[in-house]
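As a plain string of letters, each chain reads:
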Amino acid sequence: MNCIEILLPRTCLSCKKSRVLSHLLCYKCLSNLIPTHFSFTEKHPMRIALDASTTGHIKGVSAAYYHIAGSKPSSSLLSALKYRGMPSIATDLFLLCKDSLEAFLFESDIDGVVPVPMHPIKKWKRGYNQAEELSAQIAKHFNLSHQPNLLKKAALYHSQVKRNAKERTSSNSSIRLSKAKDFEARHLLLIDDVITTGATLIHCIEALSKIPDIKISVFTIFYTPSRASHNVVTL
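One structure accompanies this document, and this report is about it. Please read all numbers here as calculations on a predicted model, not as lab measurements.

**Notes on the overall build of the chain**
Right, so step 1: On a plain count of helices and strands, the chain comes out with nine helices and seven strands.
Right, so step 2: When the 235 residues of the chain are sorted by exposure, 46% land in the buried category.

Set out below in C-alpha cells:
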C-alpha cells in the first residue's frame, strides 16, 4: 500500500466504506455477489433463453454473477462501468470473473474475442464502450485475437434501461457484420457486461451467424434473471 492509499483510502463502490487494495468492493459487499455457476452446467436459464431465439451456432453460454433488482453491489459496479466514466474498472471486473471465465473456456478452441458494439456517437459521448474494455482484458489475458470492429451498430437509440423487451429488440436490429472474410469456421467469444432481455446478444449472434461455419460462445459479467421467476441457480 502506497502513501496515497494510506492518506486517501479508496472506498467500496457499494457501501462507500474503506476497501482494500485493488478490490472494487469491500469484503462484505463482495460476499453479497451471487455466482451463477453457469460455467459448470450446460442447462441454465441464460442458455435456454438464447437457444430459444437463435439458430444452432451457439457453442457455450455463461455469466459470472447474478444481477438481481435491488442488489446494490452489482448495481454499483454496472453504474460505475457504464455511466460514471470509469472504464479502468474493467480490469478489476475481469479479475472478479477470471475464475469463472477460466472454467468456461477450459479446453475451448476460441479463436477471437468480440465485444457487443456501441454506436460511434454514443461511444464518443461516453468516451468508451464498456464491452470493448472488458473484451480487451479477456483477449489479453488468454492471448486471443481481439476483434472490436467486427460488429457495428448502425443506428443510435437512447438508453435501454427503461425499455421493455419489444423496444430493446427493435433498437438492436441495427447491428451489422462488418466483414466475414478470415472468420469462416472460427470460434468467436461474444462479450457484454450484462444480459437482461437478451435482445442485444441475440442480434449480435444473428449478425455473426452470417459467417459460414461459425461457432459462437457468449460470456457476460452479470445475468439478470427474469423478474417473474427470479430463477437463481446455485450449486
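**Describing the packing of aromatic side chains**
Right, so step 1: Enumeration according to the criterion identifies five aromatic pairs in this entry.
Right, so step 2: Centre to centre, the rings of F38 and Y223 are 5.4 Å apart; their planes meet at 65°, and the pair counts as edge-to-face. Here Y223 lies in strand 7 (residues 215–223) and F38 lies in the loop between helix 2 (27–31) and helix 3 (45–53), a separation of 185 residues in the sequence. Like F38, the residue Y223 is buried in the burial classification.
Right, so step 3: Among the aromatic residues, those joined into a ring-pair cluster are F38, Y66 and Y223.

**Observations regarding the pairing of strand 2 (residues 112–115)**
Right, so step 1: Alternating residues of strand 2 divide into G112 and V114 and V113 and P115, and every residue in both groups is buried.
Right, so step 2: As paired strands, strand 2 and strand 3 (residues 145–146) are joined by two bridges and run parallel to one another. What sits directly across from V113, in strand 3, is H146.
Right, so step 3: Here strand 2 pairs with strand 6 (residues 187–195) via four bridges, running parallel. Opposite V114, over in strand 6, you have L190 as the bridge partner.

**Looking at the pattern of salt bridges**
Right, so step 1: Within the structure shown, the criterion is met by five salt bridges.
Right, so step 2: Between K123 and E132 there is a salt bridge, with the nearest N and O atoms lying 3.0 Å from each other.
Right, so step 3: On the basis of relative accessibility, which here comes to 30%, the residue K123 falls in the partly exposed class.

**Some remarks on the sheet that holds strand 1 (residues 58–66)**
Where strands meet in a sheet, backbone hydrogen bonds hold them as pairs that are either parallel or antiparallel.
Right, so step 1: Judged by pairing direction, the sheet is parallel, and its five strands sit side by side in the order 1-7-6-2-3 without closing on themselves. Every other strand in the sheet has two partners, leaving strand 1 and strand 3 as the edge strands with one partner each.
Right, so step 2: Each of strand 2, strand 3, strand 6 and strand 7 is contacted by helix 7 (residues 130–141), which is oriented at about 135° to strand 6, the strand it contacts most.

**Observations regarding helix 4 (residues 72–82)**
Right, so step 1: Judged by how many residues are buried, helix 4 sits mostly within the fold: eight of 11 residues are covered.
Right, so step 2: Of all the positions in helix 4, only P73, S74, S76, L77, L78, A80, L81 and K82 are classed as buried.

**Section: the nonpolar core**
Nonpolar side chains tend toward joint burial in soluble globular proteins.
Right, so step 1: Grouped together as the largest cluster of nonpolar side chains are 33 residues, with contacts concentrated most on L25, L77, L93, L189, F219 and F222.
Right, so step 2: Among the elements that make up this core, the one with the highest residue count is helix 5 (residues 89–104) (seven residues).
Right, so step 3: Residues in contact with F219, not counting those within four places in the same chain, are S62, A63, A64, C97, S100, L101, F104, L189, L190, I191 and D192.

**Thoughts on the packing of helix 5 against helix 7**
Packed helices, taken two at a time, are described by their axes: the angle between them and the distance between them.
Right, so step 1: Put simply, helix 5 and helix 7 touch, their axes get as near as 10 Å, and they point 55° apart. Classified by the interaxial angle, the pair formed by helix 5 and helix 7 is oblique. Here helix 5 and helix 7 pass one another in a crossing that is right-handed. Residues A90, T91, L93, F94, K98, L101 and E102 of helix 5 lie in contact with helix 7, whose contacting residues are E133, L134, Q137, I138 and H141.
Right, so step 2: Taken together, the residues of the contact of helix 5 with helix 7 break down into six nonpolar, three polar and three charged.

What counts and how
- Residues numbered from 1 in each chain as written.
- Predicted model: local features only at pLDDT ≥ 70, side-chain atom pairs only at ≥ 80, totals over all residues.
- Heavy atoms only, no water.
- Helix = DSSP H or I, 4+ residues; strand = E, 2+ residues; numbered from the N terminus.
- Buried < 20%, exposed > 50% of the residue type's maximum accessible area, 1.4 Å probe, protein only.
- Phe/Tyr/Trp six-rings, centres within 6.5 Å; stacked < 30°, edge-to-face > 60°.
- Pairing = 2+ DSSP bridges.
- Salt bridge = Lys/Arg side-chain N within 4 Å of Asp/Glu carboxyl O.
- Contact = heavy atoms within 4.5 Å.
- Axes fitted to C-alpha atoms, helices over the stretch in contact; angles between N-to-C directions.
- Core = buried A, V, L, I, M, F, W, Y, C linked by side-chain atoms within 4.5 Å.
- Parallel < 35°, antiparallel > 145°, perpendicular 65-115°, else oblique.
- Left-handed = near helix turned anticlockwise from the far one by under 90°.
- Nonpolar A, V, L, I, M, F, W, Y, C, P; charged D, E, K, R; others polar.

By themselves, these observations are geometric and do not establish any function.
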